[in-house]
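# Results of the structural survey
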Amino acid sequence: MVSPFRTNPVGVGCISEKVRLLPPKPIPKKRRWQACIPQRYVLAIMGFLAIANAYTMRICLSVAITEMVVAKEKNETEIDPEACAASPSQESTVADHRDFDWDEETQGLILSSFFWGYIITHIPGGILAEKFGGKYALGLGILSTAVFTLLTPLAATEGGAGWLIAVRVIEGLGEGSTFPAMNALLAHWVPPQQRAALGSFVFAGAQVGTVVGTALSGVLLQYSPMGWPSVFYLFGSLGVVWFIVWIFVGYNDPQSHPFISDEEKMFLEKTIESLNRSETPPTPWRAIFTSIPLWGLIFAQIGHDWGLFTLVTDLPKYFKNVMKFNIFENGFLTALPYLVMWISSIITGWICDFLINKGYLSITIARKIFTTIASVGPAVGMIAASYAGCDRTAVVALITMGTALMGAFYPGMKVNALDLSPNYAGTLMAIVNGIGAISGIVTPYLVGVLTPNSTIQEWRIVFWVVLGVFFVTNVIFIILGSGELQPWNNPNTMRGGTEEKGQSRTITSKDEKTHNNE
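Residues numbered from 1 in each chain as written. Predicted model: local features only at pLDDT ≥ 70, side-chain atom pairs only at ≥ 80, totals over all residues. Heavy atoms only, no water.

### A word on the overall build of the protein chain
Check the secondary structure of the protein chain and you find 24 helices and two strands. Put simply, the protein chain has 518 residues, and 59% of those count as buried. When contacts within the protein chain are restricted to residue pairs at least 6 apart in sequence, long-range pairs at least 24 apart make up 84% of them. Accessible area for the protein chain stands at about 20200 Å²; split by element, carbon and sulfur atoms hold 67% of it. (Helix = DSSP H or I, 4+ residues; strand = E, 2+ residues; numbered from the N terminus. Buried < 20%, exposed > 50% of the residue type's maximum accessible area, 1.4 Å probe, protein only. Contact = heavy atoms within 4.5 Å. Areas by Shrake-Rupley, 256 points an atom, 1.4 Å probe, with all protein chains shown as cover.)

Printed below as a string of structure tokens:
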């Protein structure tokens, strides 16, 4: 019996897409090699590297500032009876590069200033990505951040804290379009049955960027003759290199890609039918901002960002000032939790897809379960670490285990905007990530205010606040959240919202076998 499907006839080693048999067309010789490279995976890899670069440039200051600022002399035993003894190798080889006399509150302002600009360009970036495509909204944002990262040492040394804050605000303006543009691209490129896995892979660039940024920053700060400026020169340069490659390999959608195979294009057109390709209807702002599932997602993002930004921006200071690790140890030990979190996000992404595609969990239940795991784990890990005293091994292990569970956020709430509305994925990511990023403004400054003496007791208060925020926001997401396609995804067919939701789920089920055979 002749199969109603045909597979890619190109040679061994090519990844095939199975599509319904149409009148057979000969594949031109010049395109045969192209079918061997599924372009959605190329897009995913470049998106992963984009977010990784964005995070290295975002967080490198968090490590560098521990060696930029002159250490304050204080009688620790009087201030903090629980103070930890310095490790034998705590002294840094780059102490002569400490140039600035900034107190904890000033450091908090500097670390939070990136997010002042970051939240401003989220919605404009999302709208531009949906209207004109995500390629340049993403690319130019990364490029501008890279340029101003390269200018950071000049701004700090010549202009002091004021100019450094200004440069960080501009970096935030450039990077604000990253997640909205990336979400708009994923909406065009990722089929529903690969959404958790590929989405988790792309967004896990945040963890890899954090790992690379903190670990390499520690190496450079310990051994580079140039001192702390070398951190910004390295990561700014890598951002420029990524942009050059992106110009040649990044495309807004499968229809505009010159190298994509006919089979992959047909496969994506067939499985992403909820995306309106013929025209972009006016954005239904009222329906979006009155959407109950969207507000549940917003609260989940606030909780995630509160915990993540507390760790990303201030964990190096905790390890340096409280646990007394030297800068080399600080870089690698700060990176360890995010390395484990990255691995966890990939594993939980595949598990989530498996449970959904096999019908064991609905999309809504899966998103809520994985988001809850990612909320409870890090909160408990941080609290437990604060009560582990000066046991450095226990502190690192507890924070690492807690942060590993945070990786479940990616197949949980991080890809939820794609569930709710593929047509407005960029706008939704802009709203959700933009509001969540307010946590990035609040947490570094709050930590600076709550920890003027960097004592264990002061940091314990910080971690209890994190636990409270995690708990409240997760409960709200459990009550309000949803994984269903929303009727306002296509305003022109608002009355057919129920039918559209059913169609989307039917497509996912029908193409499951195709996805599993790739």
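Having seen it, we continue.
### Thoughts on the confidence of the model for the protein chain
Of the residues in the protein chain, 81% reach a pLDDT of 70 or more, and the chain-wide mean stands at 81. Predicted confidence is poor over residues 1-33, with pLDDT under 50, and the contacts of this stretch with residues over four places away or in other chains come to 47 contacts. In the model, residues 495-518 has pLDDT below 50 throughout and makes 40 contacts with residues more than four positions away in sequence or in other chains. (pLDDT = per-residue confidence, 0-100.)

### Things to note about the nonpolar core
Counting 123 residues, the largest nonpolar core has Met 68, Trp 102, Leu 138, Met 182, Phe 203, Tyr 318 and Phe 319 as the members making the most contacts within it. For this core, the element with the most residues is helix H2 (residues 39-68), which contributes 15 residues. For Leu 138, the residues in contact, after removing those within four places along its chain, are Ala 50, Thr 178, Ala 181, Met 182, Leu 185, Trp 242 and Trp 246. (Core = buried A, V, L, I, M, F, W, Y, C linked by side-chain atoms within 4.5 Å.)

### Considerations on the pattern of salt bridges
Applying the stated criterion across every chain, the model contains six salt bridges. One salt bridge in this structure joins Arg 40 and Glu 264, with 3.2 Å as the shortest N-O distance. With Arg 40 in helix H2 and Glu 264 in helix H12 (residues 262-271), this pair connects stretches of sequence that are 224 residues apart. Note on accessibility: Arg 40 and Glu 264 belong to one class, buried. Here Arg 367 ties to Asp 419 by a salt bridge, and the two come within 2.6 Å at their closest N and O atoms. Here Asp 419 lies in helix H19 (residues 416-420) and Arg 367 lies in helix H16 (residues 363-386), a separation of 52 residues in the sequence. (Salt bridge = Lys/Arg side-chain N within 4 Å of Asp/Glu carboxyl O.)

### Focus: unusual backbone geometry
Positioned with a positive phi, Lys 324 is a non-glycine residue whose angle comes to about 65°. Locating Lys 324 in the fold gives a position in the loop between helix H14 (292-322) and helix H15 (327-357). The class of Lys 324 is buried, set by a relative accessible area of 7%. A positive phi angle, close to 55°, is found at Ser 454, a residue other than glycine. You can see Ser 454 is positioned in the loop between helix H21 (438-450) and helix H22 (456-480).

### Thoughts on the environment of Val 432
With respect to the helices and strands, Val 432 occurs in helix H20 (residues 425-436). According to the relative accessible area criterion, Val 432 is buried, its value standing at 3%. Taking the C-alpha atoms as reference points, Val 432 and Trp 295, 137 residues apart in sequence, are found 8.4 Å from one another. Setting aside chain neighbours within four positions, we find Val 432 in contact with Leu 294, Leu 297, Ile 298 and Gln 301.

### Description of the side chain of Ser 113
Relative to the elements of secondary structure, Ser 113 occurs in helix H4 (residues 104-118). Assessed through its relative accessible area of 0%, Ser 113 is described here as buried.

### A short note on H2
End to end, H2 covers 43 Å across 30 residues, agreeing with the expected 44 Å (1.5 Å per residue, within 8%). A maximum bend of about 30° is found in H2 at Ile 59. Among the 30 residues of H2, 26 are classified as buried, and the element is accordingly described as predominantly covered. (Expected span 1.5 Å × (residues − 1). Bend = angle between axes of the 7 residues up to and from the residue.)

### Structural notes on a nonpolar patch on the surface
A cluster of nonpolar residues, Ile 123, Ile 127, Trp 285, Phe 289 and Trp 295, forms a patch on the protein surface that exposes about 400 Å² of accessible area. Mapped onto the nonpolar patch, the elements with two or more residues apiece are helix H5 (122-132) and helix H13 (285-289). Turning to its location among the elements, Ile 123 is positioned in helix H5. Ile 123 gets classed as partly exposed once you look at its relative accessible area, which sits at 31%. (Patch = residues over 30% accessible without salt bridge, like charges linked within 9 Å, V, L, I, M, F, W, Y side chains within 5 Å.)

### Describing the packing of aromatic side chains
For the coordinates displayed, the defined rule picks out 20 aromatic pairs. Summarising the aromatic geometry, the rings of Phe 115 and Tyr 118 are spaced 5.8 Å apart at their centres and angled 90° between planes, so their arrangement reads as edge-to-face. Of this pair, Phe 115 and Tyr 118 both sit in helix H4, separated by three residues, roughly a single helical turn. Each member of the pair, Phe 115 together with Tyr 118, is buried. Measuring from centroid to centroid gives 6.0 Å for Phe 354 and Tyr 360, while their planes differ by 55°, and the two rings are tilted. Taking the relative accessible area as the measure of exposure, Phe 354 reaches 44% and is therefore partly exposed. Taking the relative accessible area as the measure of exposure, Tyr 360 reaches 55% and is therefore exposed. (Phe/Tyr/Trp six-rings, centres within 6.5 Å; stacked < 30°, edge-to-face > 60°.)

### Some words on H16
Helix length check: H16, at 24 residues, gives a terminal C-alpha distance of 36 Å against a target of 34 Å (1.5 Å per residue), a fit within 8%. The buried count for H16 comes to 17 of 24 residues, which makes it a mostly enclosed element.

### Considerations on the packing of H2 against helix H9 (residues 195-203)
Between H2 and H9, the shortest axis-to-axis distance is 7 Å and the interhelical angle comes to 35°. From H2, Tyr 41, Ala 44, Ile 45, Gly 47, Phe 48 and Ile 51 reach across to H9, where they touch Leu 198, Phe 201, Val 202 and Phe 203. Counted by class, the contact of H2 with H9 contains nine nonpolar, one polar and no charged residues. (Axes fitted to C-alpha atoms, helices over the stretch in contact; angles between N-to-C directions. Nonpolar A, V, L, I, M, F, W, Y, C, P; charged D, E, K, R; others polar.)

### Quick word on the environment of Leu 198
Along the chain, the position of Leu 198 falls in helix H9. Residue class for Leu 198 comes out buried when judged on its relative accessible area of 10%. Sequence separation of Leu 198 and Pro 411 is 213 residues, and the distance between their C-alpha atoms is 9.4 Å. Contacts of Leu 198, omitting those with residues within four sequence positions, involve Tyr 41, Ala 44 and Val 190.

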